[in-house]
Amino acid sequence: MQADIEAILGDFDEYLALERGRSDHTRRAYLGDLRSLFGYVADRAPQAGITALSLPMLRSWLAQQAATGAARTTLARRTSAVKTFTAWATRRGLMTADPAARLQVPKARRTLPAVLRKDQALDAMAAANSGAQQGDPLALRDRLIVEMLYATGIRVSELCGLDVDDVDTSRRLARVLGKGNKQRTVPFGGPAHAALMSWLAEGRPALATAQSGAALLLGVRGRRLDQRQARTVVHQTIAAVDGAPDIGPHGLRHSAATHLLEGGADLRIVQELLGHSTLATTQLYTHVTVARLRAVHDQAHPRA
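Computed from a predicted model, the values in this text were never measured in an experiment.

*Asks:* Sorry if this is basic, but what is going on with the overall build of the protein chain here?
*Replies:* Looking only at helices and strands, one finds 12 helices and three strands in the protein chain. Considering the protein chain as a whole, with its 304 residues, one finds that 43% of them fall into the buried category. Put simply, 59% of the contacts in the protein chain that link residues at least 6 apart link residues at least 24 apart. Accessible area for the protein chain stands at about 16100 Å²; split by element, carbon and sulfur atoms hold 50% of it.

Here it is as structure tokens:
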């Protein structure tokens, strides 16, 4: 029975990749969720397999997940994974009816993200730049990671996925492949451009090997930089800034969006830069800005 389930999940994974264009990260998460579900089902109906999936069974599994402390965002993703799977399985004739058609996706609570103040962001860039002054290839790379993430607001996966040809150095533009394989172009400023040129001239040639291919950012062994390494670089850089919250690449993305809006950027322009599919996602950053305005008002106004 387990072999049958794995074969079905293999076909589903292929569907996610080829027809839905889901990222490796999303596919791994969905398959992990489904294996958890089928493990739960196997404990209660060992011989039933996919035919044991029913609305009560799905609700029972999600209730158990919630009882063990799963976050609302995790429950929402797991529900989406199940709904996508059962809809696909029904179309394939593996199920006679879709048991998850009436399954409700829990709404995730949107929390205000931690962001850097503008002075903290500048201090972080200065910390990254000071480390690169000696010309060490890794320090030059780390400076570019921090500068590009803050300058463009792109995701860390998008940064690590950049090839050398994706960056137009003369016009200061980067061609980014985002979620759903959607491509967009983002600009970057002078400091990020200076970091990029130093990396291309002195850093990348020192690390490049036959395995580097066209990758813009490289690891110690010359392969394309792993996202985990980029996250470590950001955390270490921000840790050097007194009073700054402990944020990673996504925190720099939040900071870039917040500072753009505080500087007067149009909400739809920020939406395009960040690659958000809906304006509602971008509007979260307006709440951050309002919250910060209220905090300043409460501290500064005599009748707050």
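*Asks:* Just to check I follow, could you spell out the sheet that holds strand 3 (residues 183-187) for this structure?
*Replies:* Strands pair in a sheet through their backbones, by hydrogen bonds, and they do so in one of two ways: parallel or antiparallel. Reading across from one edge, 1-2-3 is the order of the three strands in this open sheet, with antiparallel pairing throughout. Each edge of the open sheet carries a strand with a single partner, namely strand 1 (167-168) and strand 3. Pairing between strand 2 (residues 173-177) and strand 3: five bridges, direction antiparallel. Looking at the pairing, alanine 174 lines up with valine 186 of strand 3.

*Asks:* Explain the packing of aromatic side chains here, please?
*Replies:* In this structure the tally under the stated criterion is six aromatic pairs. Plain terms: the ring middles of phenylalanine 12 and phenylalanine 85 are 5.2 Å apart, the flat faces sit at 90° to each other, and that makes the pair edge-to-face. Here the residue phenylalanine 12 occupies a position in helix 1 (residues 2-18), and phenylalanine 85 occupies one in helix 4 (residues 72-91), the gap between them amounting to 73 residues. When sorted by exposure, phenylalanine 12 lands in the same class as phenylalanine 85, which is buried. Relative to phenylalanine 85, the ring of phenylalanine 38 has its centre 5.8 Å away and its plane inclined at 85°; by these criteria the two rings are edge-to-face. One end of the pair, phenylalanine 38, is in helix 2 (residues 24-44); the other, phenylalanine 85, is in helix 4, and 47 residues separate them in sequence. As far as the burial class goes, phenylalanine 38 and phenylalanine 85 line up, both buried. Each member of the aromatic cluster is reached from another via a ring pair, and the members are Phe12, Tyr15, Phe38, Phe85 and Trp88. Across from the ring centre of tyrosine 40, 3.5 Å away, lies the NZ or CZ of arginine 44, which sits over that ring.

*Asks:* Would you take a moment to explain the confidence of the model for the protein chain for this structure?
*Replies:* The predicted coordinates should not be examined in detail at positions where pLDDT is low. Averaged over every residue, the pLDDT of the protein chain is 87; residues scoring 70 or more account for 90%. Per-residue pLDDT, averaged within each element of the protein chain, yields its smallest value for helix 12 (residues 279-300) (65) and its largest for strand 1 (96).

*Asks:* I tried to follow the layout of surface pockets on my own but got confused; where do I start?
*Replies:* Unoccupied space between atoms shows up once a probe the size of one water molecule is rolled over them. For the second largest pocket, the calculated volume is near 280 Å³. Lining the second largest pocket are 17 residues, and of these Glu147, Tyr150, Ala151, Thr152 and Ala256 sit closest to its centre. Residue assignment for the lining of the second largest pocket shows that the elements contributing at least two residues are helix 5 (118-131), helix 6 (137-152), helix 8 (190-207), helix 10 (249-262) and helix 11 (267-274). Split by residue class, the lining of the second largest pocket holds 12 nonpolar, four polar and one charged.

*Asks:* Even after reading the chapter, I still don't get helix 3 (residues 55-67), so can you show me in this structure?
*Replies:* Two residues of an α-helix separated by three or four positions point the same way, owing to the 3.6 residues in each turn. With 13 residues, helix 3 extends 18 Å between its outermost C-alpha atoms, agreeing within 8% with the 18 Å of an ideal straight helix rising 1.5 Å per residue. All of the buried residues in helix 3 are Leu55, Met57, Leu58, Trp61, Leu62 and Gln65. Each buried residue of helix 3 sits inside an arc of 170° when the element is viewed along its axis, so together they form one side. Counted as exposed and oriented over 90 degrees from the buried face of helix 3: Pro56 and Ala67. For helix 3, the secondary structure elements touched by its buried residues are helix 2 and helix 4. Positive phi appears at glycine 69, one or two residues downstream of helix 3, with a value of about 100°.

*Asks:* Looking at this model, I keep getting lost on the pairing of strand 3. Mind explaining?
*Replies:* When a strand is regular, its side chains alternate between the sheet's two faces. Residues Arg184 and Val186 line the buried face of strand 3, whereas the alternating positions Gln183, Thr185 and Pro187 sit on a face that is not buried. Linking strand 2 back to strand 3 in an antiparallel pair, the connection comprises five residues, with glycine 180 at a positive phi of about 70°.

Conventions used here
- Every chain is numbered independently, its residues counted from 1 as its sequence is written.
- Given that this is a predicted model, residues contribute local features only at a pLDDT of at least 70 and side-chain atom pairs are listed and counted only at 80 or more, while totals for whole chains, interfaces and linings are drawn from all residues.
- With hydrogens and water excluded, all non-hydrogen atoms of the structure serve as input to the side-chain values.
- Under the DSSP-based scheme used, a helix requires at least four consecutive residues in state H or I and a strand at least two consecutive residues in state E, with every element numbered from the N terminus.
- Burial classes: relative accessible area under 20% of the type maximum marks a residue as buried, over 50% as exposed, and values in between as partly exposed (1.4 Å probe, protein chains only).
- Every residue pair with non-hydrogen atoms within 4.5 Å of one another is taken to be in contact.
- The protein chains shown are the only cover counted for residues, whose accessible areas, like all others here, come from Shrake-Rupley with a 1.4 Å probe.
- A pair of strands counts as paired when DSSP detects no fewer than two bridges linking them.
- To pair, rings of Phe, Tyr and Trp, with the six-membered ring standing in for Trp, must have centres within 6.5 Å; the planes then decide the type, stacked if under 30 degrees apart, edge-to-face if over 60, and tilted in the middle.
- Counted as over-ring charges are cases with an Arg CZ or a Lys NZ within 6 Å of the ring centre that also lie within 35 degrees of the ring normal.
- pLDDT runs from 0 to 100 and stands for how confident the predictor is about each residue.
- Within this scheme a cavity is a closed region of a 1 Å grid, computed over the protein atoms alone, that accommodates a 1.4 Å probe without allowing it to escape, whereas a pocket is open but has protein on both sides within 12 Å along at least five of seven lines; lining residues each have an atom within 4 Å of a point.
- Grid points are joined across faces, edges and corners, and a volume is the space filled by probe spheres set on the points.
- Three classes are used, and their members are as follows: Ala, Val, Leu, Ile, Met, Phe, Trp, Tyr, Cys and Pro are nonpolar, Asp, Glu, Lys and Arg are charged, and the others, Gly among them, are polar.
- In this scheme, a helix's expected span is set at 1.5 Å multiplied by one less than its residue total.
- Taken from the helix axis, the directions to the C-beta atoms give the arc we talk about.

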